[in-house]
Amino acid sequence: MYKKTDFDGVWVFEPRLFEDHRGYFFESFNLNDFEKNTGLRPTFVQDNQSGSTKGVMRGLHFQKSPFGQSKLVKVIVGEVQDVIVDLRKDSVTYGKSFSINLSETNKKQLFIPKGFAHGFLVLSDYAEFFYKCDAFYEPKADTGMYFDDPKIGIEWQMDLDKIILSEKDKNLPLFDDVEY
Ligand SMILES: Cc1cn([C@H]2C[C@H](O)[C@@H](COP(=O)(O)OP(=O)(O)O[C@H]3O[C@@H](C)C(=O)[C@@H](O)[C@H]3O)O2)c(=O)[nH]c1=O
């Protein structure tokens, strides 16, 4: 099932699960179904996977134009709070954030079009995160915004003193100083 969100082009996908005495099966991505439901036909060219311990916050990341990436993200192990911030100046939700918990149990996926900063906070002891991208990694365009900008006011589901950041993510600019 694909659910529209209040953010133009952002979709939540809940796959249909087939369970039997062996376990479960689901289609984790089907391009035709994706297009039928969203009207979009992304060409995914890169898959990424990361493993992180509790409290790790990766983000909020994006690649500068013209290297923007649409992403289809999900959790394979554990649970994360997944958050995006709309950087599209012409969007009615410009500067607003969207948060959703993705877990190995709910199996939800989030489709994030180009024009968003994206990150996630690991809520479980350990989490494995998997995502498809429709543009390649481009180190010179890789950047982001600071995850806890008071102007954006994201309600993180963990005390800030427990959050673990990379050196790069500690030094990201605030929303107002971001160049997209
Ligand atoms: C993202 C990426 C990183 N790398 C390398 C660069 C670096 O040495 C190492 C770790 O990179 P990072 O610290 O940027 O990894 P990470 O913080 O996990 O970055 C990711 O965060 C999430 C939230 C996203 O949305 C992704 O687009 C990506 O930005 O991996 C690649 O080779 N290819 C890639 O596509």
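Definitions and cut-offs
- Residues numbered from 1 in each chain as written.
- Predicted model: local features only at pLDDT ≥ 70, side-chain atom pairs only at ≥ 80, totals over all residues.
- UniProt positions renumbered as here; feature names shortened; annotations may be inferred.
- Helix = DSSP H or I, 4+ residues; strand = E, 2+ residues; numbered from the N terminus.
- Rg over C-alpha atoms; globule rule 2.2 N^0.38 Å.
- Buried ≥ 20, exposed ≤ 12 C-beta atoms within 10 Å, placed from the backbone.
- Near = placed C-beta within 6 Å.
- Nonpolar A, V, L, I, M, F, W, Y, C, P; charged D, E, K, R; others polar.
- Pairing = 2+ DSSP bridges.
- Axes fitted to C-alpha atoms, helices over the stretch in contact; angles between N-to-C directions.
- Core = buried A, V, L, I, M, F, W, Y, C linked by C-beta atoms within 7 Å.
- Contact = placed C-beta atoms within 7 Å.

By the naming in an unreviewed UniProt entry, the protein chain goes by dTDP-4-dehydrorhamnose 3,5-epimerase and is assigned to Bernardetia litoralis. In UniProt, the protein chain has this text filed under Sequence similarities (unreviewed entry): "Belongs to the dTDP-4-dehydrorhamnose 3,5-epimerase family." The UniProt entry for the protein chain carries the following text under Subunit (unreviewed entry): "Homodimer."

**Examining the overall build of the protein chain**
The helix and strand tally for the protein chain stands at two helices and 13 strands. A compact globule built from 180 residues would reach a C-alpha radius of gyration of about 16 Å, and the protein chain, at 16 Å, matches this within 12%. Each principal axis of the C-alpha atoms in the protein chain carries an extent, and together these give about 50 × 35 × 30 Å. In the protein chain, which comprises 180 residues, the proportion classed as buried is 30%.

**Here we look at the site of the ligand**
In the vicinity of the ligand, the contacting residues are Asn48, Ser50, Arg58, Gly59, His61, His118, Gly119, Phe120, Tyr137 and Ser166. Those elements giving two or more residues to the shell around the ligand turn out to be β5 (46-53), β6 (57-63) and β11 (116-122). Classifying every residue of the shell around the ligand gives two nonpolar, seven polar and one charged.

**Structural notes on the sheet that holds strand β8 (residues 79-86)**
Strand order in the open sheet made by the five strands is β9-β8-β11-β6-β13, with antiparallel pairing throughout. Two strands lie at the open edges of the sheet, namely β9 (97-103) and β13 (142-144), each paired on one side alone. If you compare each strand with its neighbour and ignore which way they point, the axes differ by 30° on average. Strand direction decides the pairing type here: β8 and β11, joined by seven bridges, are antiparallel. The residue bridging Val85 from the neighbouring strand is Ala117, located in β11.

**Overview of the nonpolar core**
Judged by nonpolar contacts, the single largest core of 32 residues is most densely connected at Val80, Ile84, Val85, Ile112, Phe116, Ala117 and Phe129. For this core, the leading source of residues is β11, giving five residues. When neighbours within four sequence positions are excluded, Val85 is seen to be in contact with Leu60, Ser97, Phe116, Ala117, Met145, Ile152 and Phe175.

**Notes on the pairing of strand β7 (residues 71-77)**
Of all seven residues that make up β7, five are buried, and the element is covered over most of its length. Taken together, the four bridges between β7 and strand β10 (residues 109-112) define a ladder with antiparallel strand orientation. Bridging across to β10, Lys74 finds its partner in Gln109. Bridge analysis of β7 against strand β12 (residues 126-133) gives six bridges, and the strand direction is antiparallel. What sits directly across from Lys71, in β12, is Cys133.

**Quick word on the UniProt feature "active site" (unreviewed entry) in the protein chain**
Sites flagged by UniProt as "active site" (unreviewed entry) map to His61 and Tyr131. For the annotated residues, spread through 71 residues, the largest C-alpha to C-alpha distance comes to 13.5 Å, consistent with a single compact locus. By the element assignment, His61 lies in strand β6.

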